[in-house]
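Coordinates in review
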2 protein chains.
Amino acid sequence: MSDPLWHPDVAALDLGQVLAALADPQRRRVALELAAGGDAPRLCATFAMPVAKATRTHHFRVLREAGLIRQVDLGNGRTNTLRRADLDQRFPGLLAALLAAEPPAAAGGDDQMPASASEGESTPASVR
Amino acid sequence: MSDPLWHPDVAALDLGQVLAALADPQRRRVALELAAGGDAPRLCATFAMPVAKATRTHHFRVLREAGLIRQVDLGNGRTNTLRRADLDQRFPGLLAALLAAEPPAAAGGDDQMPASASEGESTPASVR
DNA sequence: CCTATGGTACGATAGTTATCGTACCTTGAA
DNA sequence: TTCAAGGTACGATAACTATCGTACCATAGG
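Residues numbered from 1 in each chain as written. Chains lettered and ligands numbered in written order. Predicted model: local features only at pLDDT ≥ 70, side-chain atom pairs only at ≥ 80, totals over all residues. Heavy atoms only, no water.

This part is about the sheet that holds strand E1 (residues 42–43) of chain A. Residues and elements named next belong to chain A. Spatial ordering of the open sheet is given by E1-E3-E2, a layout of 3 strands whose pairing is antiparallel. Two strands in the sheet have a free side with no partner beyond their single neighbour: E1 and strand E2 (69–73). When E1 meets strand E3 (residues 78–82), the two strands line up antiparallel, connected through 2 bridges. Residue pairing for E3: Arg 42 is matched across the bridge by Asn 80. Of the strands in this sheet, E1, E2 and E3 are in contact with helix H2 (residues 25–36), which crosses E3 at around 75°. (Pairing = 2+ DSSP bridges. Helix = DSSP H or I, 4+ residues; strand = E, 2+ residues; numbered from the N terminus. Contact = heavy atoms within 4.5 Å. Axes fitted to C-alpha atoms, helices over the stretch in contact; angles between N-to-C directions.)

Residues and elements named next belong to chain A. A contiguous nonpolar patch, built from Leu 43, Val 72 and Leu 74 and spanning about 240 Å² of accessible area, is present on the exposed surface. Inspection of the secondary structure assignment puts Leu 43 in strand E1. For Leu 43, a relative accessible area of 35% corresponds to the partly exposed category. (Patch = residues over 30% accessible without salt bridge, like charges linked within 9 Å, V, L, I, M, F, W, Y side chains within 5 Å. Areas by Shrake-Rupley, 256 points an atom, 1.4 Å probe, with all protein chains shown as cover. Salt bridge = Lys/Arg side-chain N within 4 Å of Asp/Glu carboxyl O. Buried < 20%, exposed > 50% of the residue type's maximum accessible area, 1.4 Å probe, protein only.)

On to the nonpolar core. With 56 residues, the main nonpolar core has Leu 68, Leu 94 and Leu 98 of chain A together with Leu 68, Leu 94 and Leu 98 of chain B as its most contacted residues. Among the secondary structure elements, those contributing two or more residues to this core are helix H1 (15–23), H2, helix H3 (53–65) and helix H5 (94–101) of chain A together with helix H1 (15–23), helix H2 (25–36), helix H3 (53–65) and helix H5 (94–101) of chain B. (Core = buried A, V, L, I, M, F, W, Y, C linked by side-chain atoms within 4.5 Å.)

With 16 residues of chain B at the contact, the number on the chain A side is 16 residues. One can count 0 salt bridges joining chain B with chain A. Every element with two or more residues in the side of chain B that touches chain A is listed here: H1 and H5 of chain B. The leading source of residues in the side of chain B that touches chain A is H1 of chain B, at 6 residues. In terms of residue class, the side of chain B that touches chain A is built from 11 nonpolar, 2 polar and 3 charged. (Nonpolar A, V, L, I, M, F, W, Y, C, P; charged D, E, K, R; others polar.)

On average, residues of chain A score 85 in pLDDT, and 80% of them are at 70 or above. Under a pLDDT of 50 for its full length, residues 107–128 of chain A has, in the predicted model, 12 contacts with residues more than four places off or in other chains. (pLDDT = per-residue confidence, 0-100.)

Residue Asp 39 of chain A is not a glycine yet carries a positive backbone phi of 60°. As for its position among the elements, Asp 39 of chain A is in the loop between H2 and E1. Phi is positive for Ala 48 of chain B, which is not a glycine, with a value near 50°. Looking at where Ala 48 of chain B falls in the secondary structure, it is placed in the loop between strand E1 (42–43) and H3.

Residue and element names in this part refer to chain B. Pairing is antiparallel across the open sheet formed by 3 strands, whose spatial order is E1-E3-E2. The open sheet is flanked by E1 and strand E2 (69–73), the only strands paired with a single partner. Packing against the sheet, H2 makes contact with E1, E2 and strand E3 (78–82), and its axis sits at approximately 75° to E3. Seen against the sheet, H3 touches E2 and E3 and runs at an angle of roughly 120° to E2.

Next up, the structure:
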């Protein structure tokens, strides 16, 4: 539970934790974009979240510890994959329902989000 | 928005708020029991929540303001009804998925919860 | 080796949430 | 009228969460 990169077992997935993770708009967007992107792995940085790096790390940890995504450390970069099979096994229909209710904005399959230019790093104008 | 008994419009339902409301085990149980109970109205007190009255009121308010239930004040007692039609319209499949993933414990259709006897009123041993 | 990139861990802060006790209100029945 | 039952509102507290800055760590490439 305290390992550097820990993932809950399929059987241990908790619906409350999953829903709590998905309740946040930013995290929900990440999960749904992964779902809409054909379950292809993506680096954290490719999601263009309007928050500081530390906060982004936090959100991805919540997603991982809830069992929504699987992360693989590459030293530099960390790939994120939707745990679709596990989720569909434990909560069939949930992902589909969310995807139907709130399809990721940039539809069309796989948009690579053209970098969005200058990576200012930190100090994103304080959200919330 | 500040009226004593306010309900969000169907079009105003927010998925994030709905998921947040359903993330709590107690609130999720209420919603799912209503769903499994044929959408029949039920008083707050019939749900046997292991918390103080004030806390129960809080949870039902969260459910109502998220648009999950509709409440009608009777002076004494307040009836709670699942807003199934509204939910199915905005988030089709969501309720079904949750119901499938976590069917209410006391299954069998409509259990009236036989009073549970002595209503100690407050001081339920402090949970959490 | 040096630097850039993607990301973590720590420590802090502000806002939100769950919980409670007490006082009070409204309806219905004795 | 008086009382019981179901609930609310207020005010408080403790816990959790989102957010951040700074320091730091791996890998990849020059």
